[in-house]
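Structural description and commentary
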Amino acid sequence: MSWFTFHFQDFSFSFLSILFEGIPFLLLGSIVSGVVDAFVPSETLTKMLPKNGALAICLSGLLGGIFPMCECGSVIVIRRFIKKGLPVSAAVTYMLASPIVNPIVALSTFTAFRGQSPWVMMSLRVVVGYLLAITVGFISRQIPLDRLLQSNILPSVQGRTRTSFKISTPVDAGNEIDLSGDTFWKKLMRSVQAATSDFLDVAFFLVIGAAIASVFNTAVDQQLIRPLATSVPLSIISMMTLRFMLGLCSTSDAFIAASFVSFPFAAKLAFLVFGAMFDLKLLFLYQLVFRRKYVFALGIGLLVAVVLICLQISTQL
Amino acid sequence: MKKIFSRWLPCATLGAWSAILLFFYFSGRVKDLLHPAFRPYTLIAGLVMLLLAACFVFFPMNLDACADDELAAKSFGRKTYGRLLTFFILLVPICAAATFSTNSYGLSTMMNRGVVDDAQGLKAQVKSTPYVEPPLPSNDKSQPQSQPQYAGVDQTSQPPAPVEDEIPRSKDGNLIVQVVDLLYAAQDSTMRDPLKNQTVEMIGQLMPDTVNNANGKRFKLVRMFMVCCAADARPVAVLIEGKTKPQGEEMSWIKVVGKVEFPIENGRPIAVVKASKVVATDPPAETMLY
């Protein structure tokens, strides 16, 4: 049998299922984003976080506990947060942590791994995800904004220092809509407008990611990856590659990971941690906000870090 | 032109997506695509998008006002051809997929995914202790659920319930089971013994068997096992041994009636149904197992 056999009907079936599963979460993220845009004044977000930069990053990594968001939605939300004045490093931390450090994902991980050390898997996923997210936040803090953000995002923020912590604020009053005088109806309409705009913008990338994942899902002979399960390093890398290609949602990917019984525990952990932070659709989505070089560096950095951490964990378990 | 891009195309896109979501939900086709837990979200998302589209129709808005300061030139390209391409990608693939998609995978995709014929390949729920997790539940309404408690009975404290009390029967008196039930049964004697030599009835798709099939009378009865959505569904199969070579087209839906045996092959017990009757049938109300 050939390693590649494409059938449009099967592709369509898989493609639709990924879209149907992802659209509601994307829509939720867009609506949150729209509401934030129309109803939350810029300074509110910056005031919510501690003035100490390091503390702000650490706290941002936990915000998913209050504002749970999967990876698709979090990209939309942080784009809005950045424009609203959230420090970029804190926004990056939230973006990476919220698909993992949130109660929905923790619960789904625990449920999916019942019979397979669910407490250990859930705890390790949350802790490793959180630590990686704040590490990336601290690193991002050292990078100039013009090397971090897309050129279309950059003009809407300016770096200024608040207790040695770079924050982004609207460039001028003209770019920031004054919400104080608007009626509720006007704010509502603006939130609808912003939500729709965000939704269509990100849905574009979801469609592309879902299409690529569906080709992989249906046309490629997946028996080819099975022998990789026998070696821990290879199994870790192959599970991460698979997760990257599949572009699953972090709220449900644990069910997929748990089904790979022949793969070692560490490989499944790598699948869960890396995939929620970086996959094929995120590769596109992140570029809505961040520069391509940063996105690729982020991907490579996360890949190396997750491999090393999971290799270390595999020796302990 | 500006009005088309800022008002009517977003409106049409939202409307089309909403229509597709709602059509799949109300026509029942969403059952083939998503796990029951995710289906209500399809309805909600469809309605919300319909509402958003209606907002664009009745309360004209200008997405450009948004794009000016935030969307700039990513997917919403500032140039006309870029915007057209964006809406083309947003509209055409999903419309084409909705039009041409079937309600199940074909043989080549199933083969690509690898047919699971061992419960270990599904989930590590069967342990080597007397305490056994129940078979994964199925929402297949066409075949009443086998009640799994008989598999999870604590053998040290109470005797196993008679199998005939726990598993529903057809009007012909056959035990109605699912493919996954037999896969789990093959792994654990507490499930295996009560089922051994019982006459069972199952529905699935016909797939040829290419291993250990010298006389050509063996084939596989296969169902897709879904965790979240069809993209993660994997084929699970049980071996059927007929009196003659299997009739019917590959991947056609069939009903098999036969006695269950658990011979040792390749050092492990496997489930084989010695079929006394194989007939074509309609697909079940829910083609996926969960």
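So, here's what we can say about the structure. (Residues numbered from 1 in each chain as written. Chains lettered and ligands numbered in written order. Predicted model: local features only at pLDDT ≥ 70, side-chain atom pairs only at ≥ 80, totals over all residues. Heavy atoms only, no water.)

1. Section: the side chain of Asp209 of chain B
All names here are of chain B.
- Here Asp209 is to be found in the loop between strand S2 (199-208) and strand S3 (218-225).
- Since its relative accessible area comes to 8%, Asp209 is described here as buried.
- Apart from the residues lying within four places of it in its own chain, the contact partners of Asp209 are Arg218, Phe219, Lys220 and Leu239. (Helix = DSSP H or I, 4+ residues; strand = E, 2+ residues; numbered from the N terminus. Buried < 20%, exposed > 50% of the residue type's maximum accessible area, 1.4 Å probe, protein only. Contact = heavy atoms within 4.5 Å.)

2. Quick look at the pairing of S3 of chain B
Residues and elements named next belong to chain B.
- Most of S3 sits out of view: eight of its eight residues are buried.
- The two faces of S3 match: Arg218, Lys220, Val222 and Met224 on one face and Phe219, Leu221, Arg223 and Phe225 on the other face are all buried.
- Bridge analysis of S2 against S3 gives four bridges, and the strand direction is antiparallel. From the neighbouring strand, Met207 faces S3, where its bridge partner is Lys220.
- Two elements, S3 and strand S4 (residues 234-241), share eight bridges in a ladder whose sense is antiparallel. For Lys220, the partnering residue across the bridge sits in S4 and is Leu239.
- Pairing of S3 with strand S9 (residues 288-289), which is carried by two bridges, proceeds in the parallel orientation. Looking at S9, one finds that Phe225 is bridged to Leu289. (Pairing = 2+ DSSP bridges.)

3. As for the interface of chain B and chain A
- Facing 72 residues of chain B, the contacting portion of chain A comprises 65 residues.
- Across the chain B/chain A interface, buried area totals approximately 5800 Å², and carbon plus sulfur atoms make up 69% of it.
- Taken together, the connections running from chain B to chain A amount to zero salt bridges.
- Counting only elements with at least two residues in the side of chain B that touches chain A, the list comes to helix H1 (2-27), helix H2 (30-33), helix H3 (39-58), helix H4 (63-71), helix H5 (80-100) and helix H6 (107-113) of chain B.
- Sort the elements by how many residues they give to the side of chain B that touches chain A and H5 of chain B lands first, with ten residues.
- Counted by class, the side of chain B that touches chain A contains 46 nonpolar, 17 polar and nine charged residues. (Buried area = accessible area lost by both parts, 1.4 Å probe. Salt bridge = Lys/Arg side-chain N within 4 Å of Asp/Glu carboxyl O. Nonpolar A, V, L, I, M, F, W, Y, C, P; charged D, E, K, R; others polar.)

4. Re the pattern of salt bridges
Residue and element names in this part refer to chain B.
- Applying the stated criterion across every chain, the model contains eight salt bridges over all chains.
- Between Glu201 and Lys255 there is a salt bridge, with its nearest N and O atoms 3.7 Å apart. Taken together, the residues Glu201 in strand S2 and Lys255 in strand S5 (residues 253-261) connect sequence positions 54 residues apart.
- Under the relative-accessibility criterion, Glu201 is labelled buried at 11%.
- For Arg218, the salt bridge identified is with Glu265, shortest N-O distance 2.7 Å. On the criterion of sequence distance, the pair formed by Arg218 in strand S3 and Glu265 in strand S6 (residues 264-265) is long-range, its members being 47 residues apart.
- Using a relative accessible area of 9% as the deciding quantity, one classes Arg218 as buried.

5. Looking at a nonpolar patch on the surface
- Taken together, the side chains of Trp3, Phe4, Phe6, Phe8 and Leu224 of chain A together with Phe100 of chain B define a hydrophobic patch exposed on the protein surface, amounting to about 630 Å² of accessible area.
- If you trace the backbone, Phe4 of chain A turns up in the segment before helix H1 (8-39). (Patch = residues over 30% accessible without salt bridge, like charges linked within 9 Å, V, L, I, M, F, W, Y side chains within 5 Å. Areas by Shrake-Rupley, 256 points an atom, 1.4 Å probe, with all protein chains shown as cover.)

6. What to know about the layout of surface pockets
Residues and elements named next belong to chain B.
- Volume-wise, the second largest pocket comes out at about 380 Å³.
- In terms of lining residues, the second largest pocket is bounded by 20 residues, among which Asp117, Asp209, Val211, Lys220 and Leu239 are the most central.
- Mapped onto the lining of the second largest pocket, the elements with two or more residues apiece are S2, S3 and S4.
- Broken down by element, the residue count for the lining of the second largest pocket peaks at three residues, all from S4.
- Taken together, the residues of the lining of the second largest pocket break down into eleven nonpolar, three polar and six charged. (1 Å grid on protein atoms, 1.4 Å probe; cavity = no way out; pocket = protein on both sides within 12 Å on 5 of 7 lines; lining within 4 Å. Points joined across faces, edges and corners; volume = space filled by probe spheres on them.)

7. With respect to the side chain of Ser104 of chain B
- One can find Ser104 of chain B in the loop between H5 and H6.
- For Ser104 of chain B, a relative accessible area of 15% translates into the label buried.
- Every residue in contact with Ser104 of chain B, bar those within four places of it in the chain, is listed here: Asp10 and Phe13 of chain A together with Gln205 of chain B.

8. Observations concerning helix H5 (residues 88-97) of chain A
- Judged by how many residues are buried, H5 of chain A sits mostly within the fold: ten of ten residues are covered.
- Among all positions of H5 of chain A, only Val88, Ser89, Ala90, Ala91, Val92, Thr93, Tyr94, Met95, Leu96 and Ala97 of chain A are buried.

9. Structural notes on the packing of helix H12 (residues 265-277) of chain A against helix H14 (residues 292-316) of chain A
Residues and elements named next belong to chain A.
- Interhelical geometry of H12 versus H14 gives an angle of 155° and a closest axis separation of 9 Å. Comparing their axes, H14 and H12 come out roughly antiparallel. Viewed along their axes, H12 and H14 form a crossing whose handedness is right-handed. Together, Ala266, Leu269, Ala270, Val273, Phe274 and Met277 of H12 and Gly299, Leu302, Leu303, Val306, Cys310, Ile313 and Ser314 of H14 make up the contact between the two elements.
- Split by residue class, the contact of H12 with H14 holds eleven nonpolar, two polar and no charged. (Axes fitted to C-alpha atoms, helices over the stretch in contact; angles between N-to-C directions. Parallel < 35°, antiparallel > 145°, perpendicular 65-115°, else oblique. Left-handed = near helix turned anticlockwise from the far one by under 90°.)

10. With respect to the packing of aromatic side chains
- For the structure shown, the criterion picks out 18 aromatic pairs over all chains.
- On the basis of an interplanar angle of 50° and a centroid distance of 5.9 Å, the ring pair of Phe278 of chain A and Tyr286 of chain A is categorised as tilted. The pair formed by Phe278 of chain A and Tyr286 of chain A is uniform in burial state, with each residue classed as buried.
- On the basis of an interplanar angle of 90° and a centroid distance of 5.2 Å, the ring pair of Tyr25 of chain B and Phe26 of chain B is categorised as edge-to-face.
- Overall, Phe26 of chain B belongs to the exposed group, its relative accessible area being 63%. (Phe/Tyr/Trp six-rings, centres within 6.5 Å; stacked < 30°, edge-to-face > 60°.)

11. Details of the environment of Phe67 of chain A
All names here are of chain A.
- Take Phe67: it is sitting in the loop between helix H3 (53-60) and helix H4 (71-83).
- A residue is classified by how much of its surface remains accessible, and Phe67, at 36% relative accessible area, is partly exposed.
- Put simply, Phe67 and Asn102 are 35 residues apart on the chain and 7.9 Å apart in space, counted from C-alpha to C-alpha.
- Each residue touching Phe67, except ones within four places of it in the same chain, is listed here: Met48 and Tyr94.

12. Observations regarding the nonpolar core
- Ranked by internal contacts, the top residues of the largest apolar core, which has 176 residues, are Phe20, Leu96, Phe199, Tyr286 and Phe290 of chain A.
- With 13 residues, helix H9 (residues 184-219) of chain A is the largest single contributor of residues to this core.
- Other than its neighbours up to four places away in sequence, Phe20 of chain A contacts Ile20, Leu21, Phe24, Val30, Leu33, Leu34 and Thr42 of chain B. (Core = buried A, V, L, I, M, F, W, Y, C linked by side-chain atoms within 4.5 Å.)

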